[in-house]
Amino acid sequence: MTQFTDLALAKPLLRALADEGYATPTPIQAQAIPGVMAGRDLLGIAQTGTGKTAAFALPILHRLAADKRQAPRRSCRVLVLSPTRELATQIAESFRTYGKHMGVTVTVVFGGVKYGGQMRAMAPGVDVLVATPGRLLDHLQEKTISLEGVETFVLDEADQMLDMGFILPIRRIVKHIPRQRQTLFFSATMPAEIEKLGSEILGPDPLKVSVTPQATTVEKVNQRVLFVEQPRKRALLAELFDDAGFKRVIVFTRTKRGADRVARGLEQVGVDAAAIHGDKSQGQRERALAQFKAGEVRVLVATDIAARGIDIDAVSHVVQYDLPNVPEAYVHRIGRTARAGADGSAVAFCSDDERNLLKDIERVSRQRIPSFDRRNDRQLGAATAAMPDVGGKPERPAQPHRGGHQTKHNRNHAGGKTGRERQEGQQPRSAGGGQGAAPKRSSGGNGGGGFKGPRRENRGGVWSNH
Ligand code: AMP
């Protein structure tokens, strides 16, 4: 098996890798590093958790070490674009970690903080700039940052950029980068628009590397789906935490307000929780992450976008309070646990209204997610004690959906109240589009005929309404 020492990386990098205890490259690293070291463009189909950050950071740092020179003032030699502040911060950290024995200068630029510090940091010119698109574009327009010195351009999480409406800003930014450059393009998925963007900004013959961690990630995670009526979710979540095994847990919600509500509800039953999403200030997000990493709060409640790229080891459980509208997000979410070779557990709540989402998820992840089975799932102990055996398989087929036609639109409205809120990062939908859908739906899955969920009284007062 290839070792880092076989890859002819610069000595300071090998030392830093040894400090980290990394000896063996991950598949994407083994496939990408030699080509990128040689200056080739790269199209990498990979998601977080595959080691893709080091797959680009190491060969880039190697090239910087081999050719030391000062970046032009207000500019950089390497530009990495990242969709979120958290991911940008983590990428910068990785560059600092791997580059610590070679004196590399790294700056991060993102929105939500003052401009002054970013301008001062950029003034002398830096080796590596990691930026989110919106703020970088502001700096370019104000001429407080220039991209004239860029030799290597990395676009990370391109599909996420698309979801967040960043494609136009990216096209504008690319116009500021010299054509003569190395380009590394990463995306977890390759929808047509992303393929087009890739072909626009990559050179003619990029090295293509595709790693599909889904299978391995999915296999390593002990997954269960819990069928539960929408109004019971809050109580069920609280009950999960009666189990001490739920040590370090990420709970996913579809909306920002949902994340706040769930975190507040947990706090009310004595479970320390913090929410992170796009409406939180940078300081709040960093504090929440630090507390979670330090074990001061047991639960991080997050939206998909806020959680994307967050790298926290030893997450014991991932709970999907709402199923995601986009089936691929299910796999991203469960990938937050079972990191670095560890096993992890993932629990997905599925209300009546979410059954079609579950079907999509099973189709896309090419698996049947087992439902809770009391005989085998002791770790869910208290919370599920009163659930039917074998997880309460639906007594009726999941299709057709009781609410009539489940269109893409009303899928976004699954989940009762939270359905009316916009999913973080989504553009507002056309007004009125969903108005016909709501009355057709049964409210919260309480209608007659179907599976009734755990036959247990809702412990009134456990979660106060707010
Ligand atoms: P990434 O996909 O870049 O988010 O990396 C996922 C995690 O894997 C991070 O915690 C990295 O520090 C870690 N990692 C990256 N490369 C290696 C490696 N070769 N061996 C062990 N861990 C690694």
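Not measured: the values here are computed from a predicted model. (Residues numbered from 1 in each chain as written. Predicted model: local features only at pLDDT ≥ 70, side-chain atom pairs only at ≥ 80, totals over all residues. Heavy atoms only, no water.)

Asker: I tried to follow the packing of aromatic side chains on my own but got confused; where do I start?
Answerer: In this description, an aromatic ring pair is defined by two values, namely the gap between the centres and the angle between the planes. Across all of its chains, the model carries four aromatic pairs by this definition. Pairing Phe241 with Phe246 gives two aromatic rings, centres 5.9 Å apart and planes at 70°, and the pair type is edge-to-face. The pair formed by Phe241 and Phe246 is uniform in burial state, with each residue classed as buried. An aromatic cluster of three or more residues is present, and its members are Phe56, Phe95 and Phe186. One residue, Arg135, lies across the ring of Tyr115, its end atom 3.7 Å from the ring centre. A cation over an aromatic ring shows up here: Lys233 above the ring of Tyr321, its NZ or CZ 5.8 Å from the ring centre. (Phe/Tyr/Trp six-rings, centres within 6.5 Å; stacked < 30°, edge-to-face > 60°. Buried < 20%, exposed > 50% of the residue type's maximum accessible area, 1.4 Å probe, protein only. Lys NZ or Arg CZ within 6 Å of the ring centre and 35° of its normal.)

Asker: I would appreciate a short explanation of the packing of helix α15 (residues 327–334) against helix α16 (residues 355–364) in the present structure.
Answerer: In a packed pair of helices, the relevant descriptors are the angle between the two axes and the axis-to-axis distance. At a minimum axis separation of 8 Å, α15 and α16 run at an interaxial angle of 70°. Here α15 is positioned roughly perpendicular relative to α16, judged by the angle of their axes. Where α15 abuts α16, its residues Pro327, Glu328 and Tyr330 lie against Asp360, Ile361 and Val364. Among the residues forming the contact of α15 with α16, the class breakdown is four nonpolar, no polar and two charged. (Axes fitted to C-alpha atoms, helices over the stretch in contact; angles between N-to-C directions. Helix = DSSP H or I, 4+ residues; strand = E, 2+ residues; numbered from the N terminus. Parallel < 35°, antiparallel > 145°, perpendicular 65-115°, else oblique. Contact = heavy atoms within 4.5 Å. Nonpolar A, V, L, I, M, F, W, Y, C, P; charged D, E, K, R; others polar.)

Asker: Honestly, the sheet that holds strand β11 (residues 299–302) in this entry has me stumped. Any pointers?
Answerer: Reading across from one edge, β8-β13-β12-β9-β11-β10 is the order of the six strands in this open sheet, with parallel pairing throughout. The sheet is open, and its two borders are formed by β8 (221–227) and β10 (273–276), each paired with just one other strand. This sheet shows a mean twist of 20° between the axes of neighbouring strands, independent of strand direction. Pairing of strand β9 (residues 249–252) with strand β12 (residues 317–320) involves four bridges; the strand directions are parallel. For Phe252, the partnering residue across the bridge sits in β12 and is Gln320. (Pairing = 2+ DSSP bridges.)

Asker: Sorry if this is basic, but what is going on with the pairing of β8 here?
Answerer: By the criterion of burial, β8 is predominantly enclosed, with six of the seven residues buried. In the sheet, β8 pairs with strand β13 (residues 344–350) via seven bridges, with the strands oriented parallel. Opposite Phe227, over in β13, you have Cys350 as the bridge partner.

Asker: Can you help me understand the nonpolar core in this one?
Answerer: Formed by 42 residues in total, the largest nonpolar core has its most connected members in Leu9, Phe56, Leu58 and Phe95. Here this core gets eight residues from one element, more than from any other, and that element is helix α3 (residues 52–66). If we ignore the near neighbours within four places in the chain, the residues touching Leu9 are Phe4, Leu14, Leu17, Ile33, Met37, Leu58 and His62. Grouped together as the second largest cluster of nonpolar side chains are 33 residues, Leu43, Leu129, Met164 and Ile201 included. (Core = buried A, V, L, I, M, F, W, Y, C linked by side-chain atoms within 4.5 Å.)

Asker: Would you take a moment to explain unusual backbone geometry for this structure?
Answerer: For residues besides glycine, phi is generally negative; the peptide bonds are generally trans as well. If you check the backbone angles, Ala8 has positive phi at about 55° while not being a glycine. Its location among the elements puts Ala8 in the segment before α1 (11–20). Taking the relative accessible area as the measure of exposure, Ala8 reaches 53% and is therefore exposed. Unlike most non-glycine residues, Lys143 shows phi in positive territory, near 60°.

Asker: Help me understand the site of the ligand in this model?
Answerer: With respect to spatial proximity, 14 residues lie near the ligand, and among them Tyr22, Gln29, Gly49, Gly51 and Thr53 are the closest. Thr24 places a polar main-chain atom, nitrogen or oxygen, 2.9 Å from a nitrogen atom of the ligand. A distance of 3.0 Å is found between an oxygen atom of the ligand and a backbone nitrogen or oxygen belonging to Thr50. Calculation on the ligand without its partners gives an accessible area of 490 Å², and the protein chains cover 78% of this total. (Near = heavy atom within 4 Å. Polar contact = N/O pair within 3.5 Å; in protein donor to acceptor, adjacent residues only side chain to side chain. Areas by Shrake-Rupley, 256 points an atom, 1.4 Å probe, with all protein chains shown as cover.)

Asker: Explanation requested: the side chain of Thr255 in the structure shown.
Answerer: Structurally, Thr255 can be placed in the loop between β9 and α12 (256–268). For Thr255, the side chain forms a polar contact with the main-chain nitrogen of Gly258, separated by 2.9 Å.

Asker: What exactly am I supposed to notice about the pairing of strand β3 (residues 106–109) here?
Answerer: The side chains of a regular strand alternate between the sheet's two faces. Neither face of β3 is left uncovered, since the one carrying Val106 and Val108 and the one carrying Thr107 and Val109 both have all their residues buried. Relative to strand β4 (residues 126–131), β3 is paired through four bridges, and the arrangement is parallel. Bridging across to β4, Val109 finds its partner in Ala131.

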